[in-house]
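Single-letter residue listing:
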Amino acid sequence: MTILRAFKEHREWITGGSHLALLVPVVMQSSGPIVELGCGLWSTPVLHWACYQRKRPLHTYENNERFNDFVNLFRSDYHQVSIVPDYTSIVFPDPCGVAFIDQVPEYSRKDTIRMLTHAEYVVIHDTNPGQRRSKQYSFEQIWDLFNYRFDLGPSPGTTVVSNVHDAEKAFS
């Protein structure tokens, strides 16, 4: 699937990208490998090119084979791509600079996030702070695992959490 075809088939994605306001700054302020859980028309190309110059390790994981052609467009010597049956089976790098969470099904995100408390930053897309969706995905079960949290929203909402850096100061 070409990027243009993907945009044509999923026109709702064209208005997306709100998570980039938090994702890009933490990528630039962090070091170490980046993991992307769930590829996206916005996040995958941005992360790929942000890592290009320094060949910073990037690993995109996807559980939907439908996106295989798209995500494989970005495979390179520094950008690994894996189709996985279950995100909780992944062994994450330690140290980990940034983990970007945009996986489906959304209710599984809390289980993956629990495995990433060592990352410098965890960026979680579609958190919708204070809205029903946040409760539906049980994000309240993971907030206490982190020392710092910063929300950008309200909708679709993106949250950055960290045990290393004051997430709010990263954006001031």
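Note that this is a predicted model, so its numbers are computed, not measured.

### Points about the overall build of the protein chain
From N to C terminus, the protein chain includes six helices and seven strands. When the elements of the protein chain are put in sequence order from the N terminus, they spell out α-α-β-α-β-α-β-β-α-β-α-β-β. For the protein chain, restricting intrachain contacts to residue pairs at least 6 apart in sequence, the fraction spanning at least 24 positions comes to 60%. Taken as a whole, the protein chain presents about 8,500 Å² of accessible surface, with 52% of it coming from carbon and sulfur.

### A word on the pattern of salt bridges
Throughout the structure, instances matching the rule amount to three salt bridges. Where Asp-102 meets Arg-109, a salt bridge forms, and the shortest distance between an N and an O atom there is 3.2 Å. The class for Asp-102 is buried, based on a relative accessible area of 16%. Its relative accessible area of 1% is what places Arg-109 among the buried residues. Of the charged contacts in the structure, one is a salt bridge between Asp-151 and Arg-149, with a shortest N-O distance of 3.0 Å.

### Focus on the pairing of strand S2 (residues 58–62)
Among the five residues of S2, five are classified as buried, and the element is accordingly described as predominantly covered. Neither face of S2 is left uncovered, since the one carrying Leu-58, Thr-60 and Glu-62 and the one carrying His-59 and Tyr-61 both have all their residues buried. Taken together, the four bridges between strand S1 (residues 34–37) and S2 define a ladder with parallel strand orientation. Bridged to Glu-36 within S2 is Thr-60. Tracing the backbone out of S1, into helix H3 (residues 43–52) and back to the parallel element S2 gives a crossover that is right-handed. Examined bridge by bridge, S2 and strand S3 (residues 79–83) share five bridges and lie parallel to one another. Counted as the bridge partner of Leu-58 is His-79 from S3.

### Describing the environment of Ser-43
Along the chain, Ser-43 falls in helix H3. The exposure class of Ser-43 is buried, given its relative accessible area of 1%. Between the C-alpha atom of Ser-43 and that of Leu-20, which follows or precedes it by 23 residues, the distance is 7.2 Å. Contact partners of Ser-43, with chain neighbours within four places excluded, come to His-19, Leu-23, Glu-36, Gly-38 and Phe-100.

### Points about the sheet that holds S3
Adjacent strands of a sheet form backbone hydrogen bonds with each other and so pair up, either parallel or antiparallel. Within the open sheet, the seven strands sit side by side as S3-S2-S1-S4-S5-S7-S6. Their pairing is mixed. The open sheet is flanked by S3 and strand S6 (148–152), the only strands paired with a single partner. For this sheet the average axis-to-axis angle between neighbouring strands, irrespective of direction, equals 15 degrees. Packed onto the sheet, H3 meets S1, S2, S3 and strand S4 (98–101) and runs at close to 170 degrees relative to S1.

### A closer look at the packing of helix H2 (residues 20–29) against H3
For the pair H2 and H3, the least separation of the axes is 11 Å and the interaxial angle reads 20 degrees. Here H2 is positioned roughly parallel relative to H3, judged by the angle of their axes. Judged by the twist between their axes, the crossing of H2 over H3 is right-handed. Two secondary-structure elements touch here, H2 through Leu-20, Leu-23, Val-24 and Val-27 and H3 through Ser-43, Val-46, Leu-47 and Ala-50.

The rules we used
- Residues numbered from 1 in each chain as written.
- Predicted model: local features only at pLDDT ≥ 70, side-chain atom pairs only at ≥ 80, totals over all residues.
- Heavy atoms only, no water.
- Helix = DSSP H or I, 4+ residues; strand = E, 2+ residues; numbered from the N terminus.
- Contact = heavy atoms within 4.5 Å.
- Areas by Shrake-Rupley, 256 points an atom, 1.4 Å probe, with all protein chains shown as cover.
- Salt bridge = Lys/Arg side-chain N within 4 Å of Asp/Glu carboxyl O.
- Buried < 20%, exposed > 50% of the residue type's maximum accessible area, 1.4 Å probe, protein only.
- Pairing = 2+ DSSP bridges.
- Right-handed = clockwise from strand over helix to strand, strands pointing away.
- Axes fitted to C-alpha atoms, helices over the stretch in contact; angles between N-to-C directions.
- Parallel < 35°, antiparallel > 145°, perpendicular 65-115°, else oblique.
- Left-handed = near helix turned anticlockwise from the far one by under 90°.

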